[in-house]
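The primary structure of each chain is shown beneath.
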Amino acid sequence: MNTRVLEALPVDLANPTAILGDLEDAISGHRTFLPIPAQDKTRARLLRDSQHVGQPIDDSIALVMATSGSTGTPKGAQLSPLNLVSSADATHQFLGGPGQWLLAMPAHHIAGMQVLIRALIAGVDPLAIDLSNGFNIADFARAAAELKDTGDRTYTSLTPMQLLKAMDTLQGIEALALFDGILVGGAALSRQARESATKLGISVITTYGSSETSGGCVYDGKPIPGAQVRIREGRIELGGPMIAQGYRNSPQHEDFAEPGWFKTSDVGEFHESTLVVKGRIDAVIDSGGLKLHPEVLERAIADIDGVTGVCVVGIPDPRLGQAIVAAYEGSISPSQVIEGLDSLPRWQLPKQLKHLPTLPTIGPGKVDRKAIKALF
């Protein structure tokens, strides 16, 4: 009879490495944890309740990693030790070998958690920066230099927003250039940012994945060792030993109908064997009978010099059904943004465009689309 129960694991933004001992217990198959944010009591309570903390759970599960979401019930991806370790091993294979890791993202999200897992698998003590007051470039630079002094290969994971913030300063650029590999995920990285990083000697690897896949499992459009990618009816499906064992609160969910495979909510295609993510199925905007993946317009806006972040959404419109609107952050005016979109069909241009100091986010690097809609 299974007597294992799911335990809450509070993760402190100021001291995330305090959970390393618990993670070792989880990976060795002795305990099962739900990482929760120590600083966000409301989110922590929602996760405890929705994922049934204190109730029995299969002893083959190491971690339950909650998916992002601003409203509704989060899903909890059930990850086994094999899921987590296979992902970490495949990442090291892709990067050219294990090394020292810097944690610069919240560890209660899968991208941050995997930094700690990879360090454990590599047999090194991860270095972490205090994120309780946000991502600080000076702290990041000091930590990067400390890692480089070890003489080992050095890695970190960042969101596109963190990467762009670091690339805005000489101190940040010099710190980024110290790493042998920087995994960038959570949102799309603009072509402009990728090209700038390359020119500056910064080794960026874009990642695609989720809690359901133990983190990123497609790097620079290619599956990491052991991972598989296929497209069925336009939808991206991911397979391999890193795929979760269903959801804690819905283990037989249709997204896991085939063992070892996860059906994403993203539309994609292959360009010369490289996966290109087109956008989310549930985010398509139907404007006057013409359908737009908001990510298409977001990429076009993000590629304009002076734009550092963007979100495109559809809002109700009595004539069109949905009107295309957008919010962005950066140093240029709305009229300059529109000028930069002169190659697009006129119907794809946003009907309203708002310039924000910063875009609202949920989870690391993910723009809060519901909050953006509310602005209009």
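In short, a report on the structure. Just so we're clear, the structure is a prediction, and the values are computed from it rather than from any experiment.

Reading the values: rules and limits
Residues numbered from 1 in each chain as written. Predicted model: local features only at pLDDT ≥ 70, side-chain atom pairs only at ≥ 80, totals over all residues. Heavy atoms only, no water. Pairing = 2+ DSSP bridges. Helix = DSSP H or I, 4+ residues; strand = E, 2+ residues; numbered from the N terminus. Contact = heavy atoms within 4.5 Å. Axes fitted to C-alpha atoms, helices over the stretch in contact; angles between N-to-C directions. Expected span 1.5 Å × (residues − 1). Parallel < 35°, antiparallel > 145°, perpendicular 65-115°, else oblique. Nonpolar A, V, L, I, M, F, W, Y, C, P; charged D, E, K, R; others polar. Phe/Tyr/Trp six-rings, centres within 6.5 Å; stacked < 30°, edge-to-face > 60°. Buried < 20%, exposed > 50% of the residue type's maximum accessible area, 1.4 Å probe, protein only. Lys NZ or Arg CZ within 6 Å of the ring centre and 35° of its normal.

## Overview of the sheet that holds strand 8 (residues 181-184)
Item 1. Strand order in the open sheet formed by 7 strands is 6-5-7-8-9-10-11, with mixed pairing between adjacent strands. Of all the strands in the sheet, the pair left with one neighbour each is strand 6 (127-128) and strand 11 (222-223).
Item 2. Alignment of strand 5 (residues 100-103) against strand 7 (residues 154-158), held across 3 bridges, turns out to be parallel. Each residue of the ladder has a partner; that of Trp 101, found in strand 7, is Tyr 155.
Item 3. Taken strand by strand, helix 5 (residues 137-148) contacts strand 5, strand 6 and strand 7, and its axis lies near 170° from that of strand 5.
Item 4. Contacts from helix 6 (residues 160-167) reach strand 7, strand 8 and strand 9 (204-210), with the element oriented near 115° to strand 7.

## Focus on helix 3 (residues 81-95)
Item 1. Across its 15 residues, helix 3 extends 21 Å between first and last C-alpha, which sits within 8% of the 21 Å expected from 1.5 Å per residue.
Item 2. Just beyond helix 3, the residue with positive phi is Gly 96, at close to 105°.

## Some remarks on the packing of helix 1 (residues 20-27) against helix 4 (residues 110-122)
Item 1. Where helix 1 meets helix 4, the axes come as close as 11 Å, and the angle between the chain directions of the two elements is 75°. Comparing their axes, helix 4 and helix 1 come out roughly perpendicular. Note on element contacts: helix 4 touches helix 1 through Met 113, Leu 116, Ile 117 and Leu 120, opposite Leu 20, Leu 23, Glu 24 and Ile 27.
Item 2. Considered class by class, the residues forming the contact of helix 1 with helix 4 number 7 nonpolar, no polar and 1 charged.

## Looking at unusual backbone geometry
Most peptide bonds take the trans form, and the phi angle of most residues other than glycine is negative.
Item 1. Its identity as a non-glycine residue notwithstanding, Glu 233 has a phi of 55°, on the positive side.
Item 2. Here Glu 233 lies in the loop between strand 12 (228-232) and strand 13 (235-239).

## Points about the packing of aromatic side chains
Item 1. All chains considered together, the criterion is met by 6 aromatic pairs.
Item 2. Centre to centre, the rings of Tyr 247 and Phe 256 are 5.0 Å apart; their planes meet at 80°, and the pair counts as edge-to-face.
Item 3. Their ring planes at 35° and their centres at 5.2 Å tell us that Phe 256 and Phe 262 sit as a pair that is tilted.
Item 4. By relative accessible area, Phe 256 is classed as buried at 11%.
Item 5. Judged by relative accessible area, which is 7%, Phe 262 ranks as buried.
Item 6. A network of ring pairs unites the aromatic residues Phe 135, Phe 140 and Phe 179 as a single cluster.
Item 7. The ring of Trp 261 has Arg 230 lying over it, and the distance from NZ or CZ to the ring centre is 3.7 Å.
Item 8. Directly above the aromatic system of Phe 376 lies the positively charged group of Lys 354, at a separation of 5.2 Å from the ring centroid.

Shape is all these values report; function is a separate question.
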